[in-house]
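Next come the chains, spelled out residue by residue.
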Amino acid sequence: MAITVLGIETSCDETAVALVNDKRQILSHALASQTAHRAYGGVVPEIAARAHLQSLEGLVRQALEEARLTLDDVTGVAATCGPGLIGGVMVGAMFAKALAAAKHLPFAAINHLEAHALTARLTNDVAFPFLLLLVSGGHCQILLAKGVGEYQLLGSTIDDAVGECFDKAAKILGLGYPGGPAIEAAAKAGNPSAVPLPRPLLGRAGCDFSFSGLKTAIRQAVEQRSLTPAFVHDCAASLQAAIGDCLCDRIQNAFDMCEIPPVALVIAGGVAANQALKARVTAVASQHAVPCLSPPVELCTDNGVMVAWAGVERLRLGLVDDLDCHVRPRWPLAG
Ligand code: KG4
Ligand code: ZN
């Protein structure tokens, strides 16, 4: 029987609903980005949860309309059940469970990180095992994806996530938020060796990351100089080069740590949008004779499609969750 899953994502500040089928077709995607947090300089969990509650029903209707389907055409319901801001996760999970209960549909409790991990199987039809570099404002890890529900954590950040480093450095440089795109643009006009910056953990064993030292080094460099446009460009280019060196070194180690050779390197998360970093990481993958793939940017950042697709992947394997399953603020994909 064909599988069509309605997926709900509410773990941070995007409320998103999508319909995806097991033919790898995205039937619809309705997304509302919350803007009320801007005044606070970060996501306020209570505001996020209330906003999810307000927009969810409308987005479910919109997703069904866009796909020209009714709830009777849906064969399963999936929702992010963690990790994330728990108030928002509860809103999405309860909404999805209620839909599943009312329509007697199977429910899939989705790990948000697994949803990011599996997206490249929807967009690029990647087989297992593949190496996953998950890099965003909140995530920073390297995993070996061996199968649905089967992940080996090879390394993660011991302090800031890489997107967080871009954002904090951009703030120091007066480039605004989100910092990643601004730094990438500024770096094009800068000299990557102009500002000496550390390469935290470079050359060390393992695949862990550390980025807080880079942010501090940028702050110190800025304290000694006036922020001329040329200097900002040089800082941006130097930071991007340092981050690139760290990512490449860690990915090299990840390839060496894999017992089974991966068929691809997949980059997911908002930082995957960075073309300069992608080019550098691709070079490492090429040395191991595998492609470097990333889903389109709109599916790399938080979205509903990835949750619906993870639902397809799990439900077609018969992995159905009970309606009394818990939501989890912390939920590591692998130990
Ligand atoms: O996945 P995402 O939308 O949200 C989460 O953080 O979960 O990722 C956003 C992060 C931000 O830190 C942003 O600065 C970073 O991704 N980012 C980039 C670029 N575009 C977005 N970082 C580097 N270069 C970019 N072009
Ligand atoms: Zn995410």
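Residues numbered from 1 in each chain as written. Chains lettered and ligands numbered in written order. Predicted model: local features only at pLDDT ≥ 70, side-chain atom pairs only at ≥ 80, totals over all residues. Heavy atoms only, no water.

Chemist: Which parts of the structure should I look at to understand the site of ligand 1?
Modeler: In the vicinity of ligand 1 there are 18 residues, among which Gly137, Asp167, Gly180, Glu184 and Asn274 approach most closely. Here an oxygen atom of ligand 1 sits 2.7 Å away from a polar atom, N or O, in the main chain of Gly137. Its free accessible area being 550 Å², ligand 1 has 85% of it covered by the protein chains. Those elements giving two or more residues to the shell around ligand 1 turn out to be helix 4 (162–172) and helix 5 (179–187). Tallying contributions element by element places helix 5 first for the shell around ligand 1, with four residues. Partitioning the shell around ligand 1 into residue classes produces five nonpolar, 10 polar and three charged. (Near = heavy atom within 4 Å. Polar contact = N/O pair within 3.5 Å; in protein donor to acceptor, adjacent residues only side chain to side chain. Areas by Shrake-Rupley, 256 points an atom, 1.4 Å probe, with all protein chains shown as cover. Helix = DSSP H or I, 4+ residues; strand = E, 2+ residues; numbered from the N terminus. Nonpolar A, V, L, I, M, F, W, Y, C, P; charged D, E, K, R; others polar.)

Chemist: Explanation requested: helix 1 (residues 45–66) in the structure shown.
Modeler: Every α-helical turn comprises 3.6 residues, leaving residues that sit three or four positions apart pointing alike. Over its 22 residues, helix 1 runs 29 Å from end to end, which matches the ideal 32 Å to within 8%, given 1.5 Å per residue. Of the residues making up helix 1, those classed as buried are Ala48, Ala49, Ala51, His52, Leu56, Leu59, Val60, Ala63 and Leu64. Lining the buried residues of helix 1 we find strand 1 (4–9), strand 2 (14–21), strand 3 (26–33) and helix 2 (86–103). After helix 1 finishes, the residue Arg68 shows a positive phi value of roughly 55°. (Expected span 1.5 Å × (residues − 1). Buried < 20%, exposed > 50% of the residue type's maximum accessible area, 1.4 Å probe, protein only. Contact = heavy atoms within 4.5 Å.)

Chemist: What is the right way to read the sheet that holds strand 4 (residues 76–82) from this model?
Modeler: Within a sheet, adjacent strands bond to each other through the backbone by hydrogen bonds, running parallel or antiparallel. Strand order in the open sheet formed by five strands is 3-2-1-4-5, and the pairing between neighbours is mixed. Edge positions in the open sheet fall to strand 3 and strand 5 (107–111), since each of these has one partner strand only. Sheet twist, expressed as the mean angle between neighbouring strand axes with direction ignored, is 20°. Strand direction decides the pairing type here: strand 1 and strand 4, joined by four bridges, are parallel. Looking at the pairing, Ile8 lines up with Ala79 of strand 4. (Pairing = 2+ DSSP bridges. Axes fitted to C-alpha atoms, helices over the stretch in contact; angles between N-to-C directions.)

Chemist: How should the packing of helix 6 (residues 212–223) against helix 7 (residues 229–257) be read in this particular structure?
Modeler: In contact at an axis separation of 11 Å, helix 6 and helix 7 are set at 160° when each is read in the N-to-C sense. Here helix 7 runs roughly antiparallel to helix 6, going by the angle between their axes. When you trace helix 6 past helix 7, the crossing you get is right-handed. Contact with helix 6, carried on its side by Leu214, Ile218, Ala221 and Val222, involves Phe231, Cys235, Leu239, Ala242 and Ile243 of helix 7 and no other residues of that element. (Parallel < 35°, antiparallel > 145°, perpendicular 65-115°, else oblique. Left-handed = near helix turned anticlockwise from the far one by under 90°.)

Chemist: Could you clarify how one ought to interpret the sheet that holds strand 9 (residues 265–268) in this entry?
Modeler: Overall, mixed pairing links the five strands, which are arranged 8-7-6-9-10 in an open sheet. Edge positions in the open sheet fall to strand 8 (150–156) and strand 10 (292–293), since each of these has one partner strand only. Along the sheet face, helix 3 (residues 112–123) touches strand 6 (130–135), strand 7 (140–147), strand 8 and strand 9 and points at about 125° away from the line of strand 6.

Chemist: Explanation requested: the pattern of salt bridges in the structure shown.
Modeler: Side-chain pairs of opposite charge can arise where the charged atoms are in close proximity. Enumeration according to the criterion identifies 13 salt bridges in this entry. With its nearest N and O atoms 3.4 Å apart, the salt bridge here joins Lys168 to Asp160. Among the ionic pairs, Arg316 bridges to Glu313, the shortest N-O distance being 3.1 Å. Of the residues examined, Arg316 reaches a relative accessible area of 37% and is grouped as partly exposed. (Salt bridge = Lys/Arg side-chain N within 4 Å of Asp/Glu carboxyl O.)

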